[in-house]
Amino acid sequence: MTMNKEEILQFAKDLNSDPDPNNIRKNDDGSLYIPISITQTLLDEIFLGQWNFIVTETNYGRRWARGTGYMEVTHPLTGQVIKRSGDAGILLTGNVRTDSPRLEAMILLSCAKKFGRVFGRDLNRTKDDAPLPIIKLDKKDPTSEEKRMEILIEECNDKEELMSYRLLVPKSLTKKYESKLKKLSE
């Protein structure tokens, strides 16, 4: 494979050019993104279809899912395989038919962004690079902590999960906890 240094440098510049404004969308919270269909098309065009994506791990909670994965691309000029990892988390809607593919898409987008600005790497960078806010912690309100634990106990439908709360249950909720544990053990 003949490698022209100027072509390789131009390819790197192209990867790090601003994304096409027509490809950018805005979320309800004001953050910007490039949709998965456009990202996959860009991957096909830029890497000539020579890319692969794998989800390596997923974790599910009652209301959330988190996953990690990696993407490999073959540099079209050098033939070198380049690998980038990514991760994402989503809130579950309860629809398995859409939740699982949405998590996979978010992981893919996370990986793709690491190849360059053209994939949306810097779209929300001013927000991401902003200094973290200083949070002043006041004394805990025991009633709000108890209320939170009471809700967790009431909504829990899994014995193992409920048992993981055991050390956190305040004395005022011990009877409620034991009653729920007994109910889930039946």
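Structure's up top.
It should be emphasised that the depicted structure is a prediction, and the values quoted were computed from it without experimental measurement.

Examining the overall build of the protein chain
And then number 1: Broken down by element type, the protein chain carries seven helices and five strands.
And then number 2: When the helices and strands of the protein chain are read in sequence order from the N terminus, they spell out α-β-β-α-β-β-β-α-α-α-α-α.
And then number 3: For the C-alpha atoms alone, the extent of the protein chain along its principal axes is close to 75 × 40 × 25 Å.
And then number 4: Considering only contacts within the protein chain whose residues lie at least 6 apart along the sequence, 54% involve residues at least 24 apart.
And then number 5: Surface exposure of the protein chain reaches about 13,200 Å², of which carbon and sulfur atoms provide 52%.

Some remarks on unusual backbone geometry
And then number 1: For Leu 48, which is not a glycine, the phi torsion comes out positive at approximately 55°.
And then number 2: Along the chain, Leu 48 falls in the loop between helix H2 (36-46) and strand E3 (51-60).
And then number 3: Leu 48 sits in the exposed class, given a relative accessible area of 59%.

A look at the pairing of strand E5 (residues 81-91)
And then number 1: By the bridge criterion, 11 bridges tie strand E4 (residues 64-74) to E5 in an arrangement that is antiparallel. Across the sheet, the residue bridging to Glu 72 is Lys 83, located in E5.
And then number 2: Hairpin geometry of E4 and E5 is characterised by an intervening segment of six residues between the two adjacent antiparallel strands and by a positive phi of about 80° at Gly 79.

A word on the pairing of E4
And then number 1: Alignment of E3 against E4, held across nine bridges, turns out to be antiparallel. Looking at E4, one finds that Trp 51 is bridged to Val 73.
And then number 2: Taken together, E3 and the strand that follows it, E4, pair antiparallel across an intervening segment of three residues.

Here's the deal with the sheet that holds E3
The strands making up a sheet associate through backbone hydrogen bonding, with each pair oriented either parallel or antiparallel.
And then number 1: Read from one edge of the open sheet, three strands run E3-E4-E5, paired in antiparallel fashion. Only two strands of the sheet have a single neighbouring strand rather than two, namely E3 and E5. With direction set aside, neighbouring strand axes in the sheet form an average angle of 15°.

Re the packing of aromatic side chains
And then number 1: Counted according to the given criterion, the structure contains three aromatic pairs.
And then number 2: Centroid distance Phe 11 to Phe 47: 6.1 Å. Interplanar angle 70°. Geometry classified as edge-to-face. Note that Phe 11 is positioned in helix H1 (residues 5-15) and Phe 47 in the loop between H2 and E3, a separation of 36 residues in sequence.
And then number 3: On the basis of relative accessible area, Phe 11 is assigned to the buried category, the value being 13%.

Examining H2
And then number 1: If you check which residues of H2 are buried, you get Ile 38, Thr 39, Leu 42, Leu 43 and Ile 46. Buried residues in H2, looked at end-on, bunch into an arc of 140°, giving them a common side.
And then number 2: Its buried side turned inward, H2 meets H1, strand E1 (25-26), E3, E4 and helix H3 (96-113).

A word on H3
And then number 1: Helix length check: H3, at 18 residues, gives a terminal C-alpha distance of 26 Å against a target of 26 Å (1.5 Å per residue), a fit within 8%.
And then number 2: Along H3, the residues classified as buried are Asp 99, Leu 103, Ala 105, Ile 107, Leu 108, Leu 109, Ser 110, Cys 111 and Ala 112.
And then number 3: Those residues of H3 that are buried are in contact with H2, E3, E4 and E5.
And then number 4: A side-chain oxygen of the first residue of H3 lies 3.0 Å from the backbone nitrogen of Arg 97; this N-cap is Asn 95.

Conventions we followed
- Residues numbered from 1 in each chain as written.
- Predicted model: local features only at pLDDT ≥ 70, side-chain atom pairs only at ≥ 80, totals over all residues.
- Heavy atoms only, no water.
- Helix = DSSP H or I, 4+ residues; strand = E, 2+ residues; numbered from the N terminus.
- Contact = heavy atoms within 4.5 Å.
- Areas by Shrake-Rupley, 256 points an atom, 1.4 Å probe, with all protein chains shown as cover.
- Buried < 20%, exposed > 50% of the residue type's maximum accessible area, 1.4 Å probe, protein only.
- Pairing = 2+ DSSP bridges.
- Axes fitted to C-alpha atoms, helices over the stretch in contact; angles between N-to-C directions.
- Phe/Tyr/Trp six-rings, centres within 6.5 Å; stacked < 30°, edge-to-face > 60°.
- Arc of directions from axis to C-beta.
- Expected span 1.5 Å × (residues − 1).
- Polar contact = N/O pair within 3.5 Å; in protein donor to acceptor, adjacent residues only side chain to side chain.

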